[in-house]
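# Structural characterization, general
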Amino acid sequence: NTYTVVLLNLKNFKLINEEFGTSQGDDILRHIMRVLTRHIADGELATRAHADSFFLCLKEKDAAVIQQRLHEIILDINAFNQNRQEPYYLTVQQGAYTVDDPKLEVTIIQDRATTACRTRSAVEDGVCIFYDAAFTKRLQKEQELNDLFEKSLQNGDFQVFLQPKVWADSGRTGGAEALVRWIHPQRGMIYPSDFVPLFEKNGKICRLDLYIFEEVCRTLRRWLDTGAEPFSISVNLSRQHFRSADCLIPFYKIAQKYRIPPKTIELELTESIFFDDSSIQ
């Protein structure tokens, strides 16, 4: 509890290289290193980790003091904007680990600071996130869910539940929304709040969406074959699909495979698809 290791990650550095060129990008990295060197005291360390990331080893343990020091560092990093007609502010993600066991390998210490830096709060809030043991437990749980995904998809453990859409004036069912529930034979119910954000992050959500879409198409075809009058079912679509220009083609092919009539199935998008991810245009 004498030292804290901090990872500073320059966000969207690739965009800087694209807009200003790699030479200017290298100058920015040198500038950051000079600033870090100015702000460390005796017995502390600043070093470039890789690419656009830097490590600090600070002789501090108080979170408020560390946050204030990092705040001053980032202000200094962006001080070059004072003389610019068009400011270009650099965003720096921050994650820290206060070393509670000096016998830990340096790599593990660095990994813990990196884990804290990569949390959603560090990315979105611009504050320093401090590592704790709950992070490791969460990572272990995420790994377990990732390991279960493939077999569960094959075994049909992901099940579709239909949430009715009821007309307020008549009380009749006018449609439904398809909801996914993961019912594992050993683990029981695994809640969407546990697996949807994880699969959004690692891309597995795209395969899950296609699976759910096909299950809905299969249900609609079964209703049609028995003479029942189907109603429209909406299926949620993750923003991750839109990383590909032809993302809707697989859905079209599945609908064609089951001969689904128009207007009996919908793709539902949330507003966040347009606002929450700058990497998807």
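Residues numbered from 1 in each chain as written. Predicted model: local features only at pLDDT ≥ 70, side-chain atom pairs only at ≥ 80, totals over all residues. Heavy atoms only, no water.

Here the focus is the pattern of salt bridges. Throughout the structure, instances matching the rule amount to 14 salt bridges. Residue R69 pairs with E60 through a salt bridge whose shortest N-O separation is 3.1 Å. K201 is the salt-bridge partner of E142, the closest N and O atoms lying 3.5 Å from each other. With a gap of 59 residues between them, E142 in helix α6 (residues 133–155) and K201 in helix α7 (residues 192–202) connect regions that are remote in the sequence. By sharing partners, the salt bridges in this structure join E214, E215, R218 and K257 into a single network. (Salt bridge = Lys/Arg side-chain N within 4 Å of Asp/Glu carboxyl O. Helix = DSSP H or I, 4+ residues; strand = E, 2+ residues; numbered from the N terminus.)

If you look at the biggest cluster of nonpolar residues, it comprises 29 residues, and the most contacted ones within it are F158, F195, F199 and L208. Contributions of two or more residues to this core are made by α6, β7 (173–184), α7, α8 (204–225), β9 (233–236) and α9 (249–257). In terms of residue count, α8 provides more of this core than any other element does, nine residues in total. In this structure F158 touches F149, S152, L153, V180, R181, W182, F195, F199, L208 and Y211, once residues within four positions along its chain are discounted. Core analysis: the next-biggest nonpolar cluster, separate from the first, contains 23 residues, V6, L70, I73 and L90 among them. (Core = buried A, V, L, I, M, F, W, Y, C linked by side-chain atoms within 4.5 Å. Buried < 20%, exposed > 50% of the residue type's maximum accessible area, 1.4 Å probe, protein only. Contact = heavy atoms within 4.5 Å.)

Here we come to the packing of α8 against α9. Following both chains from N to C, one finds α8 and α9 inclined at 20°, their axes separated by 9 Å at the closest point. Judged by the inter-axis angle, α8 sits roughly parallel to α9. The handedness of the crossing between α8 and α9 comes out as right-handed. On α9, the residues that touch D209, L210, F213, E214 and C217 of α8 are P250, F251, I254, A255 and K257. Of the residues belonging to the contact of α8 with α9, the class tally is seven nonpolar, no polar and three charged. (Axes fitted to C-alpha atoms, helices over the stretch in contact; angles between N-to-C directions. Parallel < 35°, antiparallel > 145°, perpendicular 65-115°, else oblique. Left-handed = near helix turned anticlockwise from the far one by under 90°. Nonpolar A, V, L, I, M, F, W, Y, C, P; charged D, E, K, R; others polar.)

Turning next to the side chain of Q94. Here Q94 shows up in strand β4 (residues 92–98). According to the relative accessible area criterion, Q94 is buried, its value standing at 2%. A distance of 3.3 Å separates the side chain of Q94 from the side chain of Q67, its partner in a polar contact. (Polar contact = N/O pair within 3.5 Å; in protein donor to acceptor, adjacent residues only side chain to side chain.)

Right, let's talk about the sheet that holds strand β2 (residues 45–50) for a bit. The sheet built from five strands is open, its strands ordered β2-β3-β1-β4-β5 with mixed pairing. Strand pairing shows two members of the sheet lacking a second neighbour, β2 and β5 (128–130), which therefore form its edges. Going across the sheet, the axis of each strand differs from the next one's by a mean of 25°, ignoring polarity. Bridge analysis of β4 against β5 gives three bridges, and the strand direction is parallel. Note that in β5 the partner of G95 across the bridge is I129. Of the strands in this sheet, β1 (4–10), β3 (53–58), β4 and β5 are in contact with helix α4 (residues 106–117), which crosses β4 at around 135°. (Pairing = 2+ DSSP bridges.)

The analysis is restricted to geometry; functional conclusions fall outside its scope.
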